[in-house]
Amino acid sequence: LLLGVFWKVSVSGAVEWLHLFLVMGTYFVWYWRRNGQTLSMQTWHVRLVRSGDNGTPSLKQCLVRYVLSWPSVCFFGAGLVWALCDRERQFLHDRLSGTRLVYFEQETGD
């Protein structure tokens, strides 16, 4: 994108998609690994945890979840629809990565 703006050069669509994939992956994996939440997850009081013990997901789990979330969403939301049939209401990419989303009540300072 910066090449196009400064040097009037257009990169191929594949390079732009790779760039998008890497930048978004860095954002999501960083926040999931750091405290289990992205900024929007904090707003909705949702946290990503390991399925077994509710701990912070490992780097591998976060990477697998991120990579698998793309086809889960891009193929007509098939991985999201999976949650309607799953006994624990998990998305397919959560089931396969060993993670799950949990809701929590935010503590107030009162």
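Just so we're clear, the structure is a prediction, and the values are computed from it rather than from any experiment. (Residues numbered from 1 in each chain as written. Predicted model: local features only at pLDDT ≥ 70, side-chain atom pairs only at ≥ 80, totals over all residues. Heavy atoms only, no water.)

### Some details on the layout of surface pockets
Selection criterion: Using only the protein atoms, space was sampled on a 1 Å grid; points where a 1.4 Å probe fits but cannot get out form cavities, open sets with protein on both sides within 12 Å along at least five of seven lines form pockets, and lining residues are those with an atom within 4 Å of a point. Grid points are joined across faces, edges and corners, and a volume is the space filled by probe spheres set on the points. Runs of H or I in DSSP of at least four residues are treated as helices and runs of E of at least two as strands, each being numbered from the N terminus. The classification used treats Ala, Val, Leu, Ile, Met, Phe, Trp, Tyr, Cys and Pro as nonpolar, Asp, Glu, Lys and Arg as charged, and all other residues, Gly among them, as polar.
For the largest pocket, the calculated volume is near 480 Å³. Lining the largest pocket are 19 residues, with Phe28, Trp32, Arg65, Phe91 and His93 sitting closest to its centre. Among the secondary structure elements, those contributing two or more residues to the lining of the largest pocket are α2 (13-35), α3 (39-43), α4 (59-74) and β2 (99-103). Residue composition of the lining of the largest pocket, by class: 14 nonpolar, 4 polar and 1 charged.

### Focus: α2
One turn of the α-helix equals 3.6 residues, which is why residues spaced by three or four share an orientation. Rule in force here: Multiply 1.5 Å by the residue count of a helix minus one, and that product is the helix's expected span. Throughout, exposure labels follow a simple rule: accessible area from a 1.4 Å probe, protein chains only, divided by the maximum for the residue type, with under 20% read as buried, over 50% as exposed, and the rest as partly exposed. For this analysis, residues touch if any pair of their heavy atoms sits within 4.5 Å.
Compared with the 33 Å implied by 1.5 Å per residue over 23 residues, the 33 Å span of α2 between its first and last C-alpha is a close match. Listed as buried for α2 are Gly25, Val29, Tyr31 and Trp32. Tucked into the core, α2 has its buried residues touching α3, β1 (46-50) and α4. After α2 finishes, the residue Gly36 shows a positive phi value of roughly 80 degrees.

### Things to note about the environment of Tyr31
Note that Tyr31 resides in helix α2. Given the relative accessible area of 19%, Tyr31 is considered buried. Sequence spacing of Tyr31 and Leu48 is 17 residues, and the spatial spacing of their C-alpha atoms is 9.8 Å. Once you skip the residues sitting within four places of it in the chain, Tyr31 turns out to touch Gly36, Gln37, Thr38 and Leu39.

### Things to note about the packing of α2 against α4
As a reminder, the rule being used: Lines fitted to C-alpha atoms define the axes here, with helix axes fitted over just the stretch in contact, and angles between the N-to-C directions of these axes take values from 0 to 180 degrees. Oblique is the label for every angle not falling under 35 degrees (roughly parallel), over 145 degrees (roughly antiparallel), or within 65 to 115 degrees (roughly perpendicular). Handedness of a helix crossing follows the sense of rotation of the near helix relative to the far helix, less than a right angle counterclockwise being left-handed and clockwise being right-handed.
Contact geometry of α2 with α4 gives a least axis separation of 10 Å together with a crossing angle of 140 degrees. Comparing their axes, α4 and α2 come out oblique. Our pair here, α2 against α4, has a crossing hand that is right-handed. Two secondary-structure elements touch here, α2 through Trp17, Leu20, Phe21, Met24, Gly25, Phe28, Val29, Trp32 and Arg33 and α4 through Leu59, Cys62, Leu63, Arg65, Tyr66, Val67 and Trp70.

### Topic: the packing of aromatic side chains
To keep things clear, this is the line we draw: Planes of paired rings set the category: under 30 degrees apart is stacked, over 60 is edge-to-face and the rest tilted, where pairs are Phe, Tyr or Trp rings (Trp by its six-membered ring) whose centres lie within 6.5 Å. We call a charge positioned above a ring when the Lys NZ or Arg CZ atom is no farther than 6 Å from the ring centre and deviates by at most 35 degrees from the ring normal.
Taken as a whole and judged by the stated rule, the model has 8 aromatic pairs. Considering the side-chain rings of Trp17 and Trp70, the 6.2 Å spacing of their centres and the 80 degrees angle between planes classify their relative orientation as edge-to-face. Note that Trp17 is positioned in helix α2 and Trp70 in helix α4, a separation of 53 residues in sequence. Taken together, a centroid distance of 5.7 Å and an interplanar angle of 55 degrees make the contact between Phe21 and Trp70 tilted. A residue pair is termed long-range when its members are at least 10 positions apart, and Phe21 in helix α2 and Trp70 in helix α4 qualify at 49 residues. Of the residues examined, Phe21 reaches a relative accessible area of 27% and is grouped as partly exposed. An aromatic cluster of three or more residues is present, and its members are Trp17, Phe21, Tyr27, Phe28, Tyr31, Trp32, Tyr66 and Trp70. Arg47 extends its terminal NZ or CZ atom over the ring of Phe104, reaching a point 4.6 Å from the ring centre. The positively charged end of Arg65 is found above the aromatic ring belonging to Trp32, 4.6 Å away from the centroid.

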